[in-house]
Amino acid sequence: MTAAPETPETTTRRTEPDGDEPQPPDASPASRTRALAGRVRALSWRQAGPWTLRTGRRAAGAAARGTVRAGRALRPSAVWASARRHPAFAVLLATAALLRAVTMIGYQPVMFFNDSFDYLHVAMKPYPHPLRPDGYSFMLLALKPLHSFALVAAVQHLMGLAMGVMIYALLRHRFRLPGWGAALAAAPPMLDAYTIQLEHLVLSDTLFTFLVVCTVTLLLWRDRPTPKVAAAVGLLIGMAWLTRSVGLPVLLGVLVFLLIRRTGWRLMAVMLAACMLPVVAYMGWFKAEYGKFAITESNGIFLYARVYKFADCHKINPPVQEMPLCTEPENRLPNSQDGIWNAASPLNRYPGLRFSPEQNATANEFSRRAILSQPLDYLGVVAHDFFRVFRWERTVFPDRATYQQYEFGETSTALPNWRMDNDTTAADEAVAYERGRARPRVVEPFAGVIRGYQDVFYLRGAMVGVILLVGLAGLGAMWRRVGGAAFLPWTLATGLLLAPAATAEFDYRYVLPSVPLACLAAGLAFAPETRSRLAGLVRRRGAEPAERTETELIEEKVPQVAAK
């Protein structure tokens, strides 16, 4: 056979092998990407000089490689290969995803807590809320155009799974734990029934925990963060701070960690600047609304709930304007939270709106006087609530109505009709957000499956204590490096447990955000570096008695030799 004569078209295609050649309909993503890169190079050759051509080639090549890698990672064969490389975690991840899918089918579209409707109200009519920051409401606002509470729940469940992936990835690839060990550390937050239920509630806790775990993952992924990583960490902390007020202790913990690791003032300055950028913008918005440069107007009122159970005005001697906050011991309500939410709260003795700047300032001054006048009583209630976390039994607290909102129930309750403003009720806004039925529906048998699971498979308080103790042992082994990498997750986990006890009161939902961090710290206790240091300490301690025994034997033989 004779070869076909070359035409100008075929000549062009041979001189530009990666050019504008049409692709068949069934072409693979990789070939399409190579063709796109070729067109970029051809265009660069026509319109630019050699330097621009080289730059375009590098950019096109990087884009092509990234697209090919992403396409390969999403192939079923690649997913199956990854599961075979990580069998223990693959089983864990599949089980955790299945539990969350059962939850979404059994309780549609989502579950509500009392605080849910405040977040929802801000999402419907944005304004700086005086009680709590609006970070979570911004997430609801971003998802609002899709009008789906089921989507909100799905996003939060994906955050829960992502936190488990981050724990596993850090321990397996960064700190070289075996696959089963890294999967074991990731299991508690992924399989705990109350964590799954918290993810299914319209509450800020899951978003806050996700942001904090992202922060820790970025900081620990390499020995020294780059300026870009420091900026990303700062933004994450700023968003966490605007999601829950306890984001401030997270910022302090990260700053201490960076000081210990001697990362340098430049990286710390970058991190702080990135953190304060959203925070200062939000505080400016708050000032425009309320005339005060702040995030909330409730810190003093929550602190009053902390001192409410022990404040003795005979010891405090408050000024006249603070006297209405005094309560005799026999007249006090049973729980510290009653100092805020109960209709008989002393705060209701003041006229005007709740959480007003005047009321917050008065409560803050009274609380400060109580703590300074009765420091031992204050430390006593803080210690009581902190150690309450580690009880084996999960008791009804603070009251049955609140406790039942943390459980998967057999029936759903009607949406509340309390007024959010002059125009709408809580139920109205939930229906408007969903554009349809928003009241949770209990779908059997799926709801019964997750209820039965919650009765058995949950993280008891004593288990949380053991996890923290394991992490503390790892810190002790790395004492020359001030705890090493485990210092950050362990101190943040402990701080997140201590902060509510010090500033408000114990609540079960405040325990769960510390669990992923505590599990990460416990996993780091079994990292090769920590185990080698611990083994070295054991060997040195074992060698000391042997050395003393040998010395004593020599001393015993010396006199005998002298006598001969």
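Residues numbered from 1 in each chain as written. Predicted model: local features only at pLDDT ≥ 70, side-chain atom pairs only at ≥ 80, totals over all residues. Heavy atoms only, no water.

A.B. asks: Please clarify how the packing of aromatic side chains should be interpreted in this entry.
C.D. replies: Aromatic rings in a pair are described by how distant their centres are and how their planes are angled relative to each other. Per the counting criterion, the structure on display carries 24 aromatic pairs. Between F89 and Y168, the ring centres sit 4.3 Å apart and the planes meet at 15°, which makes this aromatic pair stacked. Taken together, the residues span a long stretch of sequence, with F89 in helix α5 (residues 87-106) and Y168 in helix α8 (residues 149-174) at a distance of 79 residues. Y168 shares its class with F89; the two are buried. Arranged with centres 5.1 Å apart and planes meeting at 75°, the rings of F506 and Y508 form a pair that is edge-to-face. There is no split in this pair, since F506 and Y508 are both buried. Feature note: the residues F112, F117, F149, W418 and Y433 constitute an aromatic cluster, connected by ring pairs. One Lys or Arg, R244, reaches over the ring of F208 and ends 5.2 Å from the middle of that ring. (Phe/Tyr/Trp six-rings, centres within 6.5 Å; stacked < 30°, edge-to-face > 60°. Helix = DSSP H or I, 4+ residues; strand = E, 2+ residues; numbered from the N terminus. Buried < 20%, exposed > 50% of the residue type's maximum accessible area, 1.4 Å probe, protein only. Lys NZ or Arg CZ within 6 Å of the ring centre and 35° of its normal.)

A.B. asks: What should I look at first to understand the packing of helix α7 (residues 135-143) against α8 in this one?
C.D. replies: Two measures define how a pair of helices packs: the angle their axes make with one another and the distance between the axes. One way to put it is that α7 packs onto α8 with a least axis distance of 10 Å and a crossing angle of 125°. Between α7 and α8, the interaxial angle falls into the category oblique. Crossing of α7 over α8 shows right-handed handedness. Residues Y136, M139, L140 and L143 of α7 form the contact with α8, whose participating residues are L151, V152, V155, Q156 and M159. (Axes fitted to C-alpha atoms, helices over the stretch in contact; angles between N-to-C directions. Parallel < 35°, antiparallel > 145°, perpendicular 65-115°, else oblique. Left-handed = near helix turned anticlockwise from the far one by under 90°. Contact = heavy atoms within 4.5 Å.)

A.B. asks: Where do I start with the nonpolar core in this structure?
C.D. replies: The tendency in soluble globular proteins is for nonpolar side chains to be buried side by side. Ranked by size, the top nonpolar core spans 151 residues in total, and within it F149, L220, V254, M271 and F366 carry the most contacts. Counting residues per element, this core draws most heavily on α8, at 11 residues. Beyond its immediate chain neighbours, meaning those up to four positions away, M271 contacts A230, V233, G234, I237, L251, V254, L255 and L258. (Core = buried A, V, L, I, M, F, W, Y, C linked by side-chain atoms within 4.5 Å.)

A.B. asks: So what exactly am I meant to see when it comes to the confidence of the model for the chain here?
C.D. replies: Any region with low pLDDT has predicted coordinates that should not be read closely. In the predicted model, the chain carries a mean pLDDT of 85, and 81% of its residues have values of at least 70. When the criterion is pLDDT under 50, residues 43-55 qualifies, and its contacts beyond four places in sequence or with other chains add up to five contacts. Here residues 560-564 is modelled with pLDDT under 50, and outside its nearest four sequence neighbours on either side it reaches zero contacts, counting other chains as well. (pLDDT = per-residue confidence, 0-100.)

A.B. asks: Help me understand a nonpolar patch on the surface in this model?
C.D. replies: A contiguous nonpolar surface patch, about 280 Å² in accessible area, is contributed by L235, M239 and L277. You can see L235 is positioned in helix α12 (residues 227-243). (Patch = residues over 30% accessible without salt bridge, like charges linked within 9 Å, V, L, I, M, F, W, Y side chains within 5 Å. Areas by Shrake-Rupley, 256 points an atom, 1.4 Å probe, with all protein chains shown as cover. Salt bridge = Lys/Arg side-chain N within 4 Å of Asp/Glu carboxyl O.)

A.B. asks: When you look at the environment of N417 in this model, what are you seeing that I'm missing?
C.D. replies: Within the secondary structure layout, N417 lies in the loop between α20 (400-404) and α21 (426-434). With a relative accessible area of 60%, N417 lands in the exposed category. In this structure, the C-alpha to C-alpha distance between N417 and A427, residues 10 residues apart in sequence, is 5.7 Å. The contacts of N417, once residues within four sequence positions are left out, are T425 and A427.

A.B. asks: Explanation requested: the state of the cysteines in the structure shown.
C.D. replies: Disulfide: a covalent bond connecting the sulfur atoms of a pair of cysteines. Enumeration according to the criterion identifies one disulfide in this entry. Covalent S-S linkage joins C313 and C326, the inter-sulfur distance amounting to 1.8 Å. With the S-S dihedral at roughly -100°, the linkage between C313 and C326 falls on the left-handed side. Linking C313 in helix α16 (residues 313-316) with C326 in the loop between α16 and α17 (338-341), this pair joins segments that are 13 residues apart in sequence. You'll find C313 and C326 in the same group, each marked buried. (Disulfide = S-S within 2.5 Å.)

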